[in-house]
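# Close look at the chain arrangement
One-letter residues, chain by chain:
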Amino acid sequence: MINKDRYIELAANLDLPISMQPWWMDATSIGKHWEGLVFEDHGKVIGMAAIHWMEKYGIKMAATPLLTPMTPIWINSDDINMSDTKARKEYVIKEIDNDLKLLNIDILKIKTGLAADASIFNTNGIKTTPRHTYVINDISSPDRLIEQYHKMKSRNIRKAINAGYELHENTISADEYYEIYKGIMAERNETVAYSSDYFTHLANEAIAHGQGTILSLNRPGDSNPETAMLCVWDNTNAYALAYWTRPEARNTGSSSLIFHRAIEKMSGTTKHFDFEGGMNKNVGESYSRFASTETPYLMAEKSYSTKGMLAHLLLKAKTE
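Below, the structure is looked at part by part.

## A few points about the nonpolar core
Among the nonpolar cores identified, the biggest contains 28 residues, and L67, Y177, Y194, F199, V232 and W244 are the most heavily contacted of them. Mapped onto this core, the elements with two or more residues apiece are α2 (22–27), α7 (174–187), α8 (196–208), β9 (227–233) and β10 (237–245). Per-element tally for this core: the top contributor is α7, with seven residues. Not counting residues up to four positions away in its chain, the partners in contact with Y194 are L66, L67, Y178, Y181, F199 and A242.

What follows is the structure, given as structure tokens:
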């Protein structure tokens with residue numbers, strides 16, 4: 001059932017992933033729309049989802065927004081056993097599919113970690129592609145973790161610690177963060193995938209809601225940050241949403257230390273640390289050296305119209 005007001009009401013009393021929380025949906029809705037989907041059975045809420053969609057050139061596309069870890073689907077499995085959980089998931093996915101049709105969506109393209117179970121999507125005609133990220137599943141003891149890192153990571157981290165790098169929190173603004181990142185990308189003849197307005201609004205909202213921070217590392221006595229990260233979290237996961245290191249600091253170890261400092265910072269707040277990426281071979285190899293586990297999720301896609309099929313083909317051509 002499409003009912004944003006009901007979704008917001010229920011979300012206030014549930015421990016939802018950060019990218020399902022209404023404030024996050026609002027923050028990532030610049031130029032887009034979102035709807036809350038609620039599924040009930042005999043008055044009991046059995047599932048929920050929040051879907052972003054945008055309209056361009058007359059095509060409505062439901063997608064996971066930029067800088068958003070996932071489009072999760074919440075399933076209430078408290079009252080059923082394991083054997084019935086899959087059936088409930090299949091039912092909720094079927095209802096989501098029906099609601100997307102009611103919203104006149106042309107194309108669906110979302111990242112979702114719903115048990116990484118392709119069959120519950122495939123039975124509803126939603127195609128899935130396996131993807132993965134890298135996650136440290138227990139960050140409760142960062143000092144012990146550093147001993148588990150690959151020896152190269154441990155060496156780089158200790159090198160930066162011995163150099164006296166100082167950690168700062170929210171001493172650079174979201175605007176400053178973005179402008180430095182934009183300059184670094186320009187030196188590579190590349191552009192940032194998201195706008196300044198989008199980034200600064202999302203980062204500032206995360207900070208204001210006590211679920212985000214901009215961490216930066218400076219050399220002693222230097223006011224210019226050498227590396228920085230936007231980290232957000234909920235009660236289960238912390239996410240390294242974005243980070244940069246100045247090109248001239250590539251071999252100082254600060255690019256490794258910023259992740260370790262973020263893990264230390266999050267260790268008393270949440271349980272897991274998600275590096276938010278790793279499909280690129282070199283990036284994935286780097287993240288795997290932080291004693292992380294390759295963790296699967298799914299890209300779920302479906303075309304609901306001829307326009308959607310054409311848009312899907314164009315998107316596929318751009319990524320090949």
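Anyway, onward from the coordinates.
## Examining helix α6 (residues 151–162)
Between its terminal C-alpha atoms α6 stretches 16 Å, which fits the 16 Å expected from 12 residues at 1.5 Å a residue. Those residues of α6 that fall on the buried side of the exposure criterion are K153, S154, I157 and A160. Looking straight down α6, one finds that the buried residues subtend no more than 130° of arc, so they occupy a single side. Exposed side of α6, more than 90 degrees from the buried face: K151 and N162 are the residues found there. Those residues of α6 hidden inside the fold are in contact with α5 (142–148), α9 (254–266) and α10 (281–288). G164, located one to two residues past α6, shows a positive phi value of around 85°.

## With respect to the packing of aromatic side chains
If you walk through the whole model with that rule in mind, you get 15 aromatic pairs. Judged by centre distance (5.9 Å) and plane angle (20°), the rings of Y194 and F199 are stacked. Through pairs of rings, three or more aromatic residues link up here, namely Y149, Y243, F259, F273, F275, Y287 and F290. The ring of W34 has K4 lying over it, and the distance from NZ or CZ to the ring centre is 4.6 Å. The ring of W53 has K60 lying over it, and the distance from NZ or CZ to the ring centre is 4.6 Å.

## Section: empty space enclosed by the protein
Counted under the stated rule, the structure contains two cavities of 30 Å³ or more. There is about 60 Å³ of room inside the largest cavity. Taken together, I51, I73, I93, I96, D97, L100, L108, I110, F121, I126 and Y304 form the lining of the largest cavity. Within the residue set of the lining of the largest cavity, elements represented by two or more residues are α3 (82–102) and β5 (107–112). Element by element, the count of residues in the lining of the largest cavity is highest for α3, at four residues. Of the residues in the lining of the largest cavity, the class split is 10 nonpolar, no polar and one charged. Every residue along the wall of the second largest cavity is listed here: S19, M25, A50, H52, P65, T68, M70, T71 and P72. Of the residues assigned to the lining of the second largest cavity, the class counts are five nonpolar, four polar and no charged.

What counts and what doesn't
- The numbering scheme is per chain: residues are counted from 1 as the chain's sequence reads.
- In keeping with the model being predicted, local features are shown solely for residues with a pLDDT of at least 70 and side-chain atom pairs are shown and tallied solely at 80 or more, while totals for entire chains, interfaces and linings include all residues.
- As a convention, hydrogens and water are excluded, and side-chain values are obtained from all of the structure's heavy atoms.
- Among buried residues, the Ala, Val, Leu, Ile, Met, Phe, Trp, Tyr and Cys ones that are joined through side-chain atoms within 4.5 Å form a nonpolar core.
- Between buried and exposed lies partly exposed: a residue is buried under 20% and exposed over 50% of the maximum accessible area for its type, with that area taken using a 1.4 Å probe on protein chains only.
- By the criteria applied, helices consist of DSSP H or I runs no shorter than four residues and strands consist of E runs no shorter than two, each listed in order from the N terminus.
- Two residues qualify as a contact provided that any one of their heavy atoms is within 4.5 Å of a heavy atom in the partner residue.
- Here the expected length of a helix is defined as 1.5 Å per residue gap, with one fewer gap than residues.
- Along the arc lie the directions from the helix axis toward the C-beta atoms.
- Only rings of Phe, Tyr and Trp enter the pairing, Trp through its six-membered ring, and a pair is recorded when the two centres are within 6.5 Å. The plane angle decides the type: under 30 degrees is stacked, over 60 is edge-to-face, the rest tilted.
- Here, a charge over a ring means that NZ of Lys or CZ of Arg falls within 6 Å of the ring centre while also lying within 35 degrees of the ring normal.
- In this analysis a 1.4 Å probe is tested at points of a 1 Å grid over the protein atoms alone, and where it fits but cannot get out there is a cavity; an open set with protein on both sides within 12 Å along at least five of seven lines is a pocket; lining residues have an atom within 4 Å of a point.
- Grid points are joined across faces, edges and corners, and a volume is the space filled by probe spheres set on the points.
- Three residue categories are used. Nonpolar comprises Ala, Val, Leu, Ile, Met, Phe, Trp, Tyr, Cys and Pro, charged comprises Asp, Glu, Lys and Arg, and polar comprises the others, including Gly.

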